[in-house]
Amino acid sequence: MARRLLAGGHDVVVWDQRADTVRGFSRNGAIGASTLADLAARLVTPRAIWLMVPAGDPTEQTVTALAEHLQQGDTIIDGGNTHFKDDVRRAATLAMRGIHYLDVGTSGGVWGAERGYCLMIGGPQHAAERLTPIFRTLAPGQGAIAPSKGLDLSKTTAHEGFLYCGPSGAGHFVKMIHNGIEYGLMQAYAEGFDIMGNASKATLPENQRYDLNLRDIAELWRRGSVVSSWLLDLAALALAADPQLSQFTGTVADSGEGRWTVDAAIDEEVSADVLTAALYARFRSRRDHTFAEKLLSALRAQFGGHVEPSR
């Protein structure tokens, strides 16, 4: 993100716990800072400081420490995956000191430096509007994707890849739901390709077995299919590089936002069957066999004398 801002002509001051990272950016046009205090001192007021820090205590500690070096009119931007309720609390605390706090859900991953970042913005609207040039530089822009028919471009920036979503917490709330949906989409692709990958099993009728080329099918679906997406593009890249995905164990982590999405659904009493199942599938991936599966085997043995298959 710092490289994209530099390429867009912005003056960028950088700080990181790793001094070699700071030195690297300094060689590429950024101004390096040695501490958070030094970072604040090198910026012109009103300052805007963008944090990309893991959610939870690391963000909490960084915001608290940084605020000691800021003054009224400055803005802290949290671009990490913070829980929206923490944003609401932090924004209220900082507002008492006249410091603005923006929560900016950021999507784009490692490809964002080239493709641009989709930005979902929450917080004081006037603070967000002041920093529009930063958001516009980081975002992908309209590019070759035509705006949806009927969209009033005079009333939104959504077609440019960034959007003010509402007051404090709204940006990270939208990003949280975005990631929850991402869980479901990824799970759907994973299950679909798994079914195709097992279509040649010997247990199937011989005339209903299919030795399918998953790499080519992923490539095929990228063109004209209703299930095409950037996630499918990434699946095609992975399969082209390693058709058997042999370098992966299949243990899938979750960043927390899938859990928070399910929590929000519970709070709102909204059904979220697919997103919840996708989250649980990630839990399942971390264990060889669950207690539930052991109980299934025990019940089958009790009522029918079924013996577990040998390993």
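Scroll up for the structure.
Trainee: For helix α13 (residues 273-284), give the residues involved together with the corresponding values.
Mentor: The end-to-end C-alpha separation of α13 is 16 Å, in line with the 16 Å expected for 12 residues at 1.5 Å each. Residues Thr276, Ala278, Leu279 and Arg282 constitute the buried set of α13. One face of α13 carries all of its buried residues, which in axial projection span an arc of 160°. The outward face of α13, more than 90 degrees from its buried face, is lined by the exposed residues Asp273, Val274 and Tyr280. Of the surrounding secondary structure, the elements contacted by the buried residues of α13 are α9 (170-197) and α12 (257-268).

Trainee: Break down the pattern of salt bridges for me, with residues and values.
Mentor: Overall, the coordinates contain 18 salt bridges when judged by the stated rule. Here Asp216 ties to Arg215 by a salt bridge, and the two come within 3.2 Å at their closest N and O atoms. As a salt-bridge pair, Arg286 and Asp254 come within 2.6 Å of each other at their nearest N and O atoms. Taken together, the residues span a long stretch of sequence, with Arg286 in the loop between α13 and α14 (291-304) and Asp254 in the loop between α11 (230-241) and α12 at a distance of 32 residues. With relative accessibility at 15%, the residue Asp254 sits in the buried group. Each of Glu60, Asp78, Asp86, Arg89 and Arg90 takes part in a single network of salt bridges with overlapping partners.

Trainee: Please set out the packing of aromatic side chains residue by residue, giving values where relevant.
Mentor: Counted by the stated rule, this structure contains six aromatic pairs. Ring geometry for Trp50 against Phe135: centres 6.1 Å apart, planes inclined by 65°, an arrangement best described as edge-to-face. Residue Trp50 is located in strand β3 (residues 48-51), and its partner Phe135 is located in helix α8 (residues 132-138); the two are separated by 85 residues in the primary sequence. Here the aromatic residues Trp50, Phe135 and Phe162 are joined through ring pairs into a cluster of three or more. In this structure, Arg282 is placed above the aromatic ring of Tyr183, and the distance from its NZ or CZ to the ring centre is 3.7 Å.

Trainee: So what's going on with the sheet that holds strand β7 (residues 162-166)? Residues and values would help.
Mentor: One open sheet holds the five strands; their spatial order is β3-β4-β5-β6-β7, and the pairing between them is mixed. Of all the strands in the sheet, just β3 and β7 have a single pairing partner and so form its edges. Here the average twist between neighbouring strands, direction ignored, is 25°. Across the sheet, helix α4 (residues 57-67) touches β3, β4 (75-78) and β5 (100-107), and the angle it forms with β3 is around 165°.

Trainee: Explain a nonpolar patch on the surface residue by residue, including any values.
Mentor: There is a patch of nonpolar side chains on the surface, built from Phe291, Leu295, Leu299 and Phe303 and spanning about 480 Å² of accessible area. Tracing the backbone through its elements, the reader meets Leu299 in helix α14. The class for Leu299 is partly exposed, based on a relative accessible area of 45%.

What counts, and at which threshold
Residues numbered from 1 in each chain as written. Predicted model: local features only at pLDDT ≥ 70, side-chain atom pairs only at ≥ 80, totals over all residues. Heavy atoms only, no water. Helix = DSSP H or I, 4+ residues; strand = E, 2+ residues; numbered from the N terminus. Expected span 1.5 Å × (residues − 1). Buried < 20%, exposed > 50% of the residue type's maximum accessible area, 1.4 Å probe, protein only. Arc of directions from axis to C-beta. Contact = heavy atoms within 4.5 Å. Salt bridge = Lys/Arg side-chain N within 4 Å of Asp/Glu carboxyl O. Phe/Tyr/Trp six-rings, centres within 6.5 Å; stacked < 30°, edge-to-face > 60°. Lys NZ or Arg CZ within 6 Å of the ring centre and 35° of its normal. Pairing = 2+ DSSP bridges. Axes fitted to C-alpha atoms, helices over the stretch in contact; angles between N-to-C directions. Patch = residues over 30% accessible without salt bridge, like charges linked within 9 Å, V, L, I, M, F, W, Y side chains within 5 Å. Areas by Shrake-Rupley, 256 points an atom, 1.4 Å probe, with all protein chains shown as cover.

The quantities given are spatial measurements derived from coordinates; they are silent on function.
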